[in-house]
Amino acid sequence: MTERLDVAPDGHRHRASRLSAILDLLATEGRLSVSAAAERLGVSEATIRRDFSELTRRQLVTRNHGGVVATSVAYELPYRYRASQKDSDLERIARATSELVAPGAVVGMNGGTTTTAVARTLAAREDVSPREFTLVTSALNIAVEAVLRPHVRCVSLGGIPRPESYEVTGPLAIAGLSQLWLDVAILGVNGLSAAEGATCEHEDEAAVSRLMVERAREVIVVAAEAKLGERAFTIICDAEQVSTLVTTAVDADPRVAELRAAGITVHCV
């Protein structure tokens, strides 16, 4: 039986939530038929056709026979994002991390498949009232999805985007971020160890993530088991600057013990 989204009945004032729900479906499925969208959203096919026309007018989707497909402008992510859409490890990390964020928090996020999953889960939380959740991100794909959520205030940093990750870098990103304070920074990394800290492959991306650490009260690193004990090219921050780690590693992993000894609270999911 197809799961139906809990979306309000037909009506102009509910249109924004329907359009957002349609784009959420396209973000994971790539294409959507009129009949499937009508069933999932619990509205008439005539309503869905009007919604598809509106999204086409905004250049967020492309019409095809019987439905719509995601456009390259808004939702055709690099392969590593598309391939990880249904990764159960990412889903577990995303759920656990979302629960660590208090309603009303100002949250900073860098780019990557794990932080993208966290952003989606966090934006979908039902206990966040309008305009109480602020997301500051250096990732264009995260910003594009977040801006469609009426209850999320999205701050997208400026800068030069990297095609492989959609992360913006450079002086504009640094200048914008330096004017902001964050309650929590949620960071994806390429490596994390007690001795060498949190690291990533590109210095320009590391510079933005490093500043997020400096501007945040709390730093949460989200990383799969394979990232633990690894060292990438450039440092983001020392292990002592990381408040919390959410990982798929098992609790008995010696690398987990080393990180806890460094003062990090580790959640194994």
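Residues numbered from 1 in each chain as written. Predicted model: local features only at pLDDT ≥ 70, side-chain atom pairs only at ≥ 80, totals over all residues. Heavy atoms only, no water.

- Per an unreviewed UniProt entry, the chain goes by Alkaline phosphatase and derives from Knoellia sinensis KCTC 19936.

### What to know about the pattern of salt bridges
In step 1: Summed over the entire model, instances satisfying the criterion amount to 14 salt bridges.
In step 2: In this structure, Arg 120 and Glu 145 form a salt bridge, with 2.7 Å as the shortest nitrogen-oxygen distance. With a gap of 25 residues between them, Arg 120 in helix α6 (residues 113-123) and Glu 145 in helix α7 (residues 140-146) connect regions that are remote in the sequence.
In step 3: With relative accessibility at 21%, the residue Arg 120 sits in the partly exposed group.
In step 4: Three or more residues are tied together by salt bridges with common partners; here these are Arg 15, Arg 18 and Asp 51. (Salt bridge = Lys/Arg side-chain N within 4 Å of Asp/Glu carboxyl O. Helix = DSSP H or I, 4+ residues; strand = E, 2+ residues; numbered from the N terminus. Buried < 20%, exposed > 50% of the residue type's maximum accessible area, 1.4 Å probe, protein only.)

### Description of the sheet that holds strand β1 (residues 31-33)
In step 1: Pairing is antiparallel across the open sheet formed by three strands, whose spatial order is β1-β3-β2. A single partner strand is all that each edge strand has here, and the edge strands are β1 and β2 (61-64). Strand-to-strand twist in this sheet, taken as the mean axis angle between neighbours without regard to direction, amounts to 25°.
In step 2: Here four bridges tie β2 to strand β3 (residues 67-70), and the two strands are oriented antiparallel to one another. Residue Asn 64 lies in a different strand from β3, and its bridge partner there is Gly 67.
In step 3: Across the face of the sheet, helix α1 (residues 15-29) comes into contact with β1, β2 and β3 while running at roughly 125° to β1.
In step 4: The strands touched by helix α2 (residues 34-41) within the sheet are β1 and β3, with β1 carrying the most contacts at an inclination of about 85°. (Pairing = 2+ DSSP bridges. Axes fitted to C-alpha atoms, helices over the stretch in contact; angles between N-to-C directions. Contact = heavy atoms within 4.5 Å.)

### Thoughts on the packing of α1 against helix α3 (residues 45-57)
To describe two helices that pack against each other, one gives the angle between their axes and the distance between the axes.
In step 1: Two numbers describe how α1 lies on α3: the axes approach to 11 Å, and their chain directions differ by 75°. Looking at the two axes, α1 sits roughly perpendicular to α3. Taken together, the residues of α3 that come into contact with α1 (itself represented by Arg 15, Arg 18, Leu 19, Ile 22 and Leu 23) are Thr 47, Ile 48, Arg 50, Asp 51, Phe 52, Glu 54 and Leu 55.
In step 2: When grouped by side-chain class, the residues that make up the contact of α1 with α3 number six nonpolar, one polar and five charged. (Parallel < 35°, antiparallel > 145°, perpendicular 65-115°, else oblique. Nonpolar A, V, L, I, M, F, W, Y, C, P; charged D, E, K, R; others polar.)

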